[in-house]
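Spelled out, the chains give:
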2 protein chains.
Amino acid sequence: MAIHPELEVEAVTDTEGVTIPNPLLQPLKINEINGRRKRAEDSQWVVAAPSNTSSFKLHSSKGKPKARRWDHILSAESKRREGSSLKRAAKWLGRPGLISLGGGLPSSDYFPFDSLTFKAPVVGHFSEEETHDSGIDITSGKHDLAINKSIFDIEISFNYGQGSGAAQLLRWIAEHTELAHKPPYEDWACTMSVGSTYALEMAFRMLTESGDYILSEEYTFATAVETAAPLNVRVAGIKMDEQGLLPESMDEILTNWEPAARHGARKPFVLYTVPSGQNPTGATQGTQRRKDIYAVCQKHDVYILEDEPYYFLQMQPYTGADAPDPPPPASHEDFLKSLVPSLLSMDVDGRVMRMDSFSKVIAPGCRLGWITASEQIITRYKKHSDVSTQGPSGMSQLVLFKLLDEHWGHSGYLDWLIFIRMEYTKRRNVILDACERFLPDVVSWKPPMAGMFHWMQVDWKKHPHAKTKSVTELEEEIFMASIEHGSLVMRGSWFYAENDIEHDTMFFRATYAAAPSDKIVEAIKRFGDAVRESFGLPAIEYEVAENGNHAIDSNGKVENDSERRKLET
Amino acid sequence: MAIHPELEVEAVTDTEGVTIPNPLLQPLKINEINGRRKRAEDSQWVVAAPSNTSSFKLHSSKGKPKARRWDHILSAESKRREGSSLKRAAKWLGRPGLISLGGGLPSSDYFPFDSLTFKAPVVGHFSEEETHDSGIDITSGKHDLAINKSIFDIEISFNYGQGSGAAQLLRWIAEHTELAHKPPYEDWACTMSVGSTYALEMAFRMLTESGDYILSEEYTFATAVETAAPLNVRVAGIKMDEQGLLPESMDEILTNWEPAARHGARKPFVLYTVPSGQNPTGATQGTQRRKDIYAVCQKHDVYILEDEPYYFLQMQPYTGADAPDPPPPASHEDFLKSLVPSLLSMDVDGRVMRMDSFSKVIAPGCRLGWITASEQIITRYKKHSDVSTQGPSGMSQLVLFKLLDEHWGHSGYLDWLIFIRMEYTKRRNVILDACERFLPDVVSWKPPMAGMFHWMQVDWKKHPHAKTKSVTELEEEIFMASIEHGSLVMRGSWFYAENDIEHDTMFFRATYAAAPSDKIVEAIKRFGDAVRESFGLPAIEYEVAENGNHAIDSNGKVENDSERRKLET
């Protein structure tokens, strides 16, 4: 998985090579795009034009093997899907001189918008304050394409489009995917989604039948379970450790699959996994773990749904409360090298559908993400999208294109991701420090390496009522006690992959993504109080020092040593 | 269906009444909203807050009957659907002083946007030129709610939300729906969709099982058929006239339904219909037609999916090429009265799910529409939306809220719709004039009263090869000839509700929505040439006059009488 994005060696002759800068990591200027990128056909920039990832690849994937075919796992629904006949009529539009009275596309004369402007940070000055003070206004006019000012504008983005999204932004997405993952097979492709949750539902409908099981972590994203359940698709939970799902547990489940013990279901052939900063456990699969998981999927011919909203929320190593913070990545190359390689990057078979999201690194309100998979899967996805959502919001597409392609470029976006990484590292450290300070010994945790979630185990067997009450009852008791103390954390049981089996562990999930640091600290303190109260442990005495919370400053740091000692009792 | 939106009479005592202006039709100013509307709970404006249509209704619907229950037609998938456990946790957030480490909502600190601005027309100056010259900039700041500048901002709209969309825009939508339709039962509600096509797919999944038939017009929106087909749901086509589907044909199909003749399918209980400006036929159901259709649905207990993207593209009466244009509606009241009442407005049972769209009257790129139905249906819809798309783009929601609620208000939006009506009337008249001028006698049509589509019948039995070639072969021949002449129109056969029965009529669909007037005229001329060529009719002689198209000006009007006479040969 050697990634050397800053430098590329291209063969010049059989025996010579020349080292050239990776064009994607140089800032792209609008008038240079055509020079640095492949010459794009102008016809793909117009309203509702079809586009194809292959025309956006900068490093040729020629010579790599093609993806395997997945016909044998496609659902009957997906096989019946023929796509949009109306969108297919777009193929005639390229004819010179043709006038179309075909598609029912409204004239942009009647879009009541003359321009769209947003204020965004310049590279290197990313904080909210800096954005407010020194951010710049980025404007799209209505007819910028017609006047050669931009390849994307209101006229195009605000009209109907293809289900895969507009070529303008799709190109950037394909380039970014190539930069971060270099999929090791030839016919990979990208298409936009209206968000990873709906992409997941579409994947379930493409790959499963009523009565099937899919595989996932034993604690998993509740929405995935709740998306599968109405389809009468169940989830088989794979045992986990701090690196997420255990390949040997997955192998064991598949090897010993008994339909009779599983509502008659056939052996699963789809894995849903969140490899980095898994929701809810915060677990991140290491490189070797991913290779082992991929090998088990090859062994049992399992297709992988790689859900990676938190991939770029991989944080700096955790060095403990008192150790100095490690320095940030020194270069884009160091940053990309610091990331655990994706399953997509090791996907020699084309058995991965990766879901990427802007929700955690730009804004959830974009409702725009993308998937990467083999052309076969992308084509089926697009056929569905063309007749359902018809692609993501054009307003979102235009804003993201202007920000990511024209303003920041790939280079500036990586700088932004490094900024986010350092911010999440700070937040993660705040919650870990607070937990060390305020939580009683019956609560334990592993420092999360990625994502938004801190996963706290409660040793419920030490609870005075452990003999008379169930783990679920005690979990609810502690949850309600925490609410009473003014702190909302999520119950681990809300994330069971399987609700119909016995569980004997108790967890709570806390996010460090949302609240300001001082609130995170206060909420953890309150949660600690609730656990102590439930367990009948003595309350810690910091009430006087904490009058008005002034013992804790806005960074969540205790103000002085004497206060700190009190808190650490 | 008397609608008197400008004036409302409210009971003061049993024997007195007072006439008050309809508050929705007065321009709303931001600082007056609370005074004119019900006092809204501030908690519904915050990030991902739940909301409820009932709190937005201005005219009490109390005392009206409740909608019927539809449990007996819900699909197994819908019955299994329990919604999002994570979004339900939002119910705790209202507790005073609570700190949430619950939902994985990213902090708006990391949204790289400080403001969003768009330039939009002021009321009464709606044309593209006027918007460019005299439009005004409308800006949303990042934290406008916190500083009491607006109830909606980037912090809220760009974060996660509820599947129904944000309360801020949902309130406007509910008010607009009340203004236009006044549903005649108590528990109607609205929820946003990410567009009517996906809303339709969700409805099919909610209401049908594999193997079912639904009912629709015999020529219908191809996407509806292509959405149903993968679900193994077929469409039974109802005969039509120029007012759309024939109630007696529908009654006959249902009365004589034979499962054996219909792949074993049970009797249909869902009607999909586009009542105004139907796609592809352009047919608009009149008021009595709608009442008759509703009565047949009551007789056979059929649930109605009312798809109305073209409702506000109802045009002025067509008076012919040489008659003066009728004057525009003189008031909002006149305008609303001029619209054929919706099925929703006569829905005493709550058996209608109406789909509205901004695609045809604002811009398709919003990817934002809404549905109106009984609370039971809306709740099921929201449960699905919460775990699939999670609602429409927040960028789209913010732009539409700023435009529709804060800038135009209901009154300004009605003015905009009247503007659109007059523009579409002009376009419709251009295509009709061109057809009268350029099409041979074997082509006939009815003037469309609404929508974007002109539906042209070709009397293929007069074709010299009618005995030796099928209607499909001849349709393809004329279609390809039209492409060769440089004009793209859609083939009628692409819109068959049923592909597996014989058809003996030939139609082509042309839209007058997209191209400029002179192009519409030219394209119709070319289509006429193609039909003449195929039928072996003599070409009309206008080639010399038309050198460089200069015989037709930019309004599609022929420049002088002598040219005109030539064209009319």
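The rules behind each value
- Residues numbered from 1 in each chain as written.
- Chains lettered and ligands numbered in written order.
- Predicted model: local features only at pLDDT ≥ 70, side-chain atom pairs only at ≥ 80, totals over all residues.
- Heavy atoms only, no water.
- Pairing = 2+ DSSP bridges.
- Helix = DSSP H or I, 4+ residues; strand = E, 2+ residues; numbered from the N terminus.
- Contact = heavy atoms within 4.5 Å.
- Axes fitted to C-alpha atoms, helices over the stretch in contact; angles between N-to-C directions.
- Expected span 1.5 Å × (residues − 1).
- Buried < 20%, exposed > 50% of the residue type's maximum accessible area, 1.4 Å probe, protein only.
- Buried area = accessible area lost by both parts, 1.4 Å probe.
- Salt bridge = Lys/Arg side-chain N within 4 Å of Asp/Glu carboxyl O.
- Polar contact = N/O pair within 3.5 Å; in protein donor to acceptor, adjacent residues only side chain to side chain.
- Nonpolar A, V, L, I, M, F, W, Y, C, P; charged D, E, K, R; others polar.
- Parallel < 35°, antiparallel > 145°, perpendicular 65-115°, else oblique.
- Left-handed = near helix turned anticlockwise from the far one by under 90°.
- UniProt positions renumbered as here; feature names shortened; annotations may be inferred.
- Least-squares fit on C-alpha atoms with pLDDT ≥ 70 in both.

So, about the sheet that holds strand β15 (residues 443-445) of chain A. Sheets are built from strands paired through backbone hydrogen bonds, the pairs being either parallel or antiparallel. All names here are of chain A. Taken together, four strands build an open sheet; the order of strands is β15-β16-β19-β18 and the sheet is antiparallel. This sheet does not close on itself; its edge strands, each paired only once, are β15 and β18 (490-491). Alignment of β15 against strand β16 (residues 453-458), held across three bridges, turns out to be antiparallel. Considered in β16, the bridge of Val-443 is made with Val-458. Helix-sheet contacts for helix α14 (residues 471-484) involve β16, β18 and β19 (506-511), and the interaxial angle to β19 is about 30°.

All names here are of chain B. Its 14 residues give helix α14 (residues 471-484) an end-to-end C-alpha distance of 20 Å, which sits within 8% of 20 Å, the value for a rise of 1.5 Å per residue. Looking at α14, one finds that the buried residues are Val-471, Leu-474, Glu-475, Ile-478, Phe-479, Ala-481, Ser-482 and Ile-483. Looking at the buried positions of α14, the neighbouring elements they touch are β16 (453-458), β17 (487-488), β18 (490-491), β19 (506-511) and α15 (517-535).

Moving on: the sheet that holds β16(B). Residues and elements named next belong to chain B. With respect to topology, four strands assemble into an open sheet ordered β15-β16-β19-β18, the strand pairing being antiparallel. The open sheet terminates on both sides in strands that have one partner only, identified here as β15 (443-444) and β18. Summarising the sheet, β15 and β16 pair through two bridges and their orientation is antiparallel. Strands β16, β18 and β19 of the sheet are contacted by α14, whose axis makes an angle of about 30° with β19.

Turning to the interface of chain A and chain B, a few remarks are in order. At the interface, 114 residues of chain A touch 114 residues of chain B. Where chain A abuts chain B, roughly 9,400 Å² becomes buried across the two surfaces, and 60% of that area is made up of carbon and sulfur atoms. When the area that chain A buries against chain B is broken down by residue, the three leading residues are Ile99(A), Leu101(A) and Tyr110(A), summing to 10%. Linking chain A with chain B are nine salt bridges, by the criterion used here. As a salt-bridge pair, Lys142(B) and Glu128(A) come within 2.9 Å of each other at their nearest N and O atoms. For the interface between chain A and chain B, the tally reads 59 residue pairs in polar contact (both at pLDDT 80 or more). Looking at side-chain class alone, the side of chain A that touches chain B contains 59 nonpolar, 34 polar and 21 charged residues. Here five bridges tie strand β4 (residues 115-120) of chain A to strand β4 (residues 115-120) of chain B, and the two strands are oriented antiparallel to one another.

Describing two packed helices takes the angle between their axes plus the distance from one axis to the other. All names here are of chain B. Put simply, α14 and α15 touch, their axes get as near as 8 Å, and they point 130° apart. With respect to their mutual orientation, α14 and α15 come out oblique. Considering the relative orientation of α14 and α15, their crossing is right-handed. Along its contact with α14, which presents Glu-477, Ile-478, Ala-481 and Ser-482, the element α15 presents Phe-527, Ala-530, Val-531, Glu-533, Ser-534 and Phe-535.

Of note, the bond from Asn279(A) into Pro280(A) is cis; its omega dihedral lies within 30 degrees of zero at 20°. Its identity is not glycine, yet Asp301(B) carries a phi of approximately 50°, on the positive side. Within the secondary structure, Asp301(B) sits in the loop between α10 (287-299) and β12 (303-307). Asp301(B) gets classed as partly exposed once you look at its relative accessible area, which sits at 22%.

Once that is clear, we can look at the pairing of β19(A). Residue and element names in this part refer to chain A. Among the six residues that make up β19, six are buried, leaving the element largely enclosed by the rest of the structure. A two-sided burial pattern is seen for β19, the buried positions comprising Met-506, Phe-508 and Ala-510 on one face and Phe-507, Arg-509 and Thr-511 on the other. Where β16 meets β19, six bridges bridge the pair, whose relative direction is antiparallel. Across the sheet, the residue bridging to Met-456 is Phe-508, located in β19. Of the strand pairs in this sheet, β18 and β19 are connected by two bridges, and their pairing is antiparallel.

Within this structure's numbering, the places UniProt gives as "domain: Aminotransferase class I/classII large" (unreviewed entry) are residues 157-526 of chain A. Strand forms 16% of residues 157-526 of chain A and helix 39%; the C-alpha atoms that close the span are 48 Å apart.

The next subject is the relation of the copies chain A and chain B. The operation relating chain A to chain B is a screw motion whose rotation component is 180°, with 0.0 Å of axial translation and a residual RMSD of 0.0 Å. The superposition of one copy onto the other is thereby described by a two-fold rotation axis. Considering only C-alpha atoms, the part of chain A nearest the rotation axis is Thr117(A), at 2.5 Å. With an isologous cut-off of 70% or more, the 100% of interface residues of chain A that recur at the interface of chain B puts this contact in the isologous class.

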